[in-house]
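What follows is each chain in one-letter form.
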Amino acid sequence: AAVLMLACGFARGLALAPSARPRRLASLSLGATASLHGITSPLDSLPVGEVVKHTVSGTDGHPLTVWERSPPGGGSKTIVLLHGRTWSALPVFHLSLKNGNTINLSVMDALVEKDFNVFAVDFRGFGGTTRDESGWLTPYTAVRDTHAVLQWLKERPAAAAEPPPSLLGWSQGALVAQMFAQEHPKELSDLVLFGSIFNPEVIYPRPSFLQERGPAPARATTLEQAIEDFTLPGSIEDAAAKAFATAALAADPVKVDWTNLHEFNECRPSKLQVPTMIIHGDQDPYVSELGQLRIFTQLAHPDRRWVVVPHADHCAHFLQTTRERFIDEVVSFVLRSKVKRPSLVIDK
């Protein structure tokens, strides 16, 4: 059985300057029905599938929260979801709402229906995981925590019969996934880069050694931040966007502070020696086509696929109109040896 790791994340400020970002839903007020396991909005809630909370030790002993959602009796494959820059795992990947009709937006549930065991990890400072003593989160730390979760998964009784895992990263999480794959290619079967913000023209500056970092700001998150990635009119119902905002602000009331972003400069497509899929929305304002092209053409492995999801922005996995297409494409790539579909394709 294959293991798929999904690193997700909202990353901002690369493809568009803050003032230039489209914000269709910025004027919304909270008022939708939203529910998370363990985090429920003050509004009426529709329970989603039960999740089990695990605590995994990072490489330095820091406790990491891992949420599990699996089919009754267990699935034949395992998927791990790793979030990225702004919001933790559950509001992004395990959300449902009730607004007249029941709407289940849970990616975890959708993958369980495909017979996957689903694990979603909260990085330090996100959701169920506390900050470490530094108060900051760095790319290197995120990569090490990903490795710790992989090692924990290997200790499961069923792991002995499984091939190496696949790894899928979203947005800034795609950079974390790429760095991990570069360092540990033999620990992965596949890599999926979803909405990657990789851009060869963006070089993150290294902080001066004369500059004292100081304490993390730990500022409150805002409604505007919660809805800024929904940029296509009509692609998501207002009720669904409100539900996500409600859940996200409840799960992550304080914004996690990333630092040492220059570590992302180590992303080099030519160092990727694993089968790789690139997937993003055709109208994703954070994706650089040059970056996607550079990844696809410079990969060090011949097994590759590039998929562009039509009528989608940065949240193709979350939109009602594109979520099913996203799930099908990811599962198709991971199981391509079974479905006998050509791997070297550009699907637009």
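Cut-offs applied
Residues numbered from 1 in each chain as written. Predicted model: local features only at pLDDT ≥ 70, side-chain atom pairs only at ≥ 80, totals over all residues. Heavy atoms only, no water. 1 Å grid on protein atoms, 1.4 Å probe; cavity = no way out; pocket = protein on both sides within 12 Å on 5 of 7 lines; lining within 4 Å. Points joined across faces, edges and corners; volume = space filled by probe spheres on them. Nonpolar A, V, L, I, M, F, W, Y, C, P; charged D, E, K, R; others polar. Buried < 20%, exposed > 50% of the residue type's maximum accessible area, 1.4 Å probe, protein only. Helix = DSSP H or I, 4+ residues; strand = E, 2+ residues; numbered from the N terminus. Pairing = 2+ DSSP bridges. Right-handed = clockwise from strand over helix to strand, strands pointing away. Core = buried A, V, L, I, M, F, W, Y, C linked by side-chain atoms within 4.5 Å. Contact = heavy atoms within 4.5 Å. pLDDT = per-residue confidence, 0-100.

(A) Seen up close, the layout of surface pockets. Computed from the structure, the largest pocket encloses a volume of approximately 340 Å³. Around the largest pocket, the lining is made up of 16 residues, and of these Arg85, Asp257, Trp258, Thr259 and Leu261 lie nearest the centre. For the lining of the largest pocket, the residue count by class is 8 nonpolar, 4 polar and 4 charged. Here the second largest pocket defines a volume of roughly 190 Å³. Looking at the second largest pocket, it is lined by 16 residues, and the ones nearest its centre are Phe198, Asn199, Pro200, Val202 and Cys267. Here the residues of the lining of the second largest pocket sort into 11 nonpolar, 3 polar and 2 charged.

(B) A look at the pairing of strand β12 (residues 276-281). Taking burial as the measure, the 6 residues of β12 include 6 buried ones, the bulk of the element. The side-chain alternation of β12 yields two buried faces, one formed by Thr276, Ile278 and His280 and the other by Met277, Ile279 and Gly281. As paired strands, β12 and strand β13 (residues 304-309) are joined by 6 bridges and run parallel to one another. Residue Ile279 lies in a different strand from β13, and its bridge partner there is Val307. What joins β12 to β13 is helix α7 (residues 289-298), and the crossover it makes is right-handed.

(C) Examining the pairing of strand β5 (residues 63-69) more closely. By the criterion of burial, β5 is predominantly enclosed, with 6 of the 7 residues buried. With 6 bridges connecting them, strand β4 (residues 52-57) and β5 associate as antiparallel partners. When the sheet's bridge partners are listed, Ser57 is paired in β5 with Pro63. Linkage of β4 to β5, two consecutive antiparallel strands, is achieved through a turn of 5 residues, within which Gly61 is found at a positive phi near 90°. Sheet topology places β5 next to strand β9 (residues 116-122); 5 bridges connect them, and they run antiparallel. Bridged to Arg69 within β9 is Val118.

(D) Just the nonpolar core, in detail. Core analysis: the biggest nonpolar cluster contains 51 residues, and Leu81, Met108, Leu111, Phe230, Phe244, Ile279 and Phe318 have the highest contact counts within it. If we ignore the near neighbours within four places in the chain, the residues touching Ile279 are Val192, Leu193, Phe194, Gly195, Val307, Val309, Phe326 and Glu329. Membership of the second largest hydrophobic core comes to 43 residues, among which are Ala142, Ala174, Val274 and Phe296.

(E) Geometry of the confidence of the model for the protein chain. Across the protein chain, the average pLDDT comes to 82, with 81% of residues at or above 70. Mean pLDDT across the secondary structure elements of the protein chain bottoms out at strand β3 (residues 39-40), with 37, and peaks at β13, with 96. Below pLDDT 50 for its whole length, residues 8-27 participates in 64 contacts with residues either more than four positions away or in separate chains. This model gives residues 29-48 a pLDDT under 50, and the stretch forms 61 contacts once residues within four places in sequence are excluded.

(F) Highlighting unusual backbone geometry. Unusually for a residue other than glycine, Asp115 sits at a positive phi of about 75°. Take Asp115: it is sitting in the loop between α2 (107-112) and β9. For Asp115, a relative accessible area of 30% translates into the label partly exposed. Unusually for a residue other than glycine, His311 sits at a positive phi of about 60°. Within the secondary structure, His311 is located in the loop between β13 and α8 (323-334). Since its relative accessible area comes to 58%, His311 is described here as exposed.

(G) Seen up close, the environment of Ala245. Note that Ala245 resides in helix α6 (residues 238-251). Exposure remark for Ala245: the relative accessible area of 0% places this residue in the buried category.

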